[in-house]
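This is what each chain is made of:
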Amino acid sequence: MKLERDAIVTAAIALLDEVGLDGLSMRRLAKELDVQAPALYWHFKNKQELLDHMLVAISTEELRVPRPGQAWDDWLVERTRIQYHGLNRHRDGARLAAQTRPTEDLFPKLEAMLEALTAAGFTPEEALRGLLAISNYVTGSALEREGAKNRPAGAEPHPDTAPDASADSTTVTDLSQYPNLRAAAGAVSDPDAIFEHGLHAIVAGMRAELEQRRR
């Protein structure tokens, strides 16, 4: 039975990569598996439950706990990078994460992560808030990256201009009267660098919270 469930999830992830989240349906998945759609409902009560388990399968690797001797903040940064790039490896991976909820399968791993952070000095509430903040940040960053892939490519902007975020990417805004914006315009060219900056800012905030209580 478990192998059958795993096979369904694996096929569903492959179908997600092929047709995207909007094209994924129980009927289409059943056709890919050469079964009748009702057969899927023996394993998943509805599509939402299937989506929840798909995210678990995609996210398994990023849920590991710290290696022996690894500092909590180094582990958290490493784990979050894996989570972010894992979502980006799959078509609509970020949309999948945004539309799913934790399954009971995740509770033992989540408990282990909370244990690792409480051992570092956080309260359970602080640890969970930190993990949820990072999870939301990862999903939002991955959604932004997915959205950028679907935007029409525009003309190369002039050094005194920048893409207008309020319109399509072929529209540019004159930055000649905004010297600071012009100087900083290059910061938007590398989404991974933006992600790293935000990630380290969140972890630094958690570190400061911990140090403040230790005083």
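As the structure is a prediction and not an experimental result, all values here were calculated from the model. (Residues numbered from 1 in each chain as written. Predicted model: local features only at pLDDT ≥ 70, side-chain atom pairs only at ≥ 80, totals over all residues. Heavy atoms only, no water.)

**Q** Looking at this structure, I do not really get the environment of V35. What am I missing?
**A** If you trace the backbone, V35 turns up in the loop between α2 (26–33) and α3 (37–40). Judged by its relative accessible area of 34%, V35 is partly exposed. (Helix = DSSP H or I, 4+ residues; strand = E, 2+ residues; numbered from the N terminus. Buried < 20%, exposed > 50% of the residue type's maximum accessible area, 1.4 Å probe, protein only.)

**Q** Teacher, can you tell me more about the side chain of N88 here?
**A** With respect to the secondary-structure elements, N88 resides in helix α5 (residues 72–88). Note on N88: relative accessible area 15%, which makes it buried. Not counting residues within four places of it along the chain, the set of residues in contact with N88 comprises A142, R145 and K149. (Contact = heavy atoms within 4.5 Å.)

**Q** What is the right way to read the packing of α5 against helix α7 (residues 107–119) from this model?
**A** For the pair α5 and α7, the least separation of the axes is 10 Å and the interaxial angle reads 145°. Contact with α5, carried on its side by W72, W75 and R79, involves M113, A116 and L117 of α7 and no other residues of that element. In terms of residue class, the contact of α5 with α7 is made up of 5 nonpolar, no polar and 1 charged. (Axes fitted to C-alpha atoms, helices over the stretch in contact; angles between N-to-C directions. Nonpolar A, V, L, I, M, F, W, Y, C, P; charged D, E, K, R; others polar.)

**Q** Help me understand the pattern of salt bridges in this model?
**A** Pairs can form between side chains of opposite charge once their charged atoms are near each other. For the structure shown, the criterion picks out 7 salt bridges. Where D52 meets R101, a salt bridge forms, and the shortest distance between an N and an O atom there is 3.2 Å. Highlighted residues: D52 in helix α4 (residues 47–59) and R101 in the loop between α6 (93–98) and α7, separated in sequence by 49 residues. What makes D52 buried here is its relative accessible area of 5%. Among the salt bridges present, the one from D92 reaches R95, with a minimum N-O distance of 3.6 Å. Classification of D92 by relative accessible area gives buried; the value is 16%. Among the residues examined, R95 registers a relative accessible area of 25% and is labelled partly exposed. (Salt bridge = Lys/Arg side-chain N within 4 Å of Asp/Glu carboxyl O.)

**Q** What should I look at first to understand the nonpolar core in this one?
**A** Across soluble globular proteins, nonpolar side chains show a tendency to be buried alongside one another. Judged by nonpolar contacts, the single largest core of 46 residues is most densely connected at L29, L50, M54, W72, L76, L96 and F122. Per-element tally for this core: the top contributor is helix α1 (residues 2–23), with 9 residues. Beyond its immediate stretch of four places on either side in the chain, F122 contacts W72, L117, A127, M206, E209, L210 and R213. (Core = buried A, V, L, I, M, F, W, Y, C linked by side-chain atoms within 4.5 Å.)

**Q** Any chance you could explain the confidence of the model for the protein here in plain terms?
**A** Note that predicted coordinates carrying low pLDDT should not be read in detail. When pLDDT is averaged along the protein, the result is 86, and 86% of the positions lie at 70 or above. Of the regions scoring below 50 in pLDDT, residues 155–159 engages in 2 contacts with residues more than four places distant in sequence or in other chains. Every residue in residues 164–170 scores below 50 in pLDDT, and together they form 8 contacts with partners more than four places removed in sequence or on other chains. (pLDDT = per-residue confidence, 0-100.)

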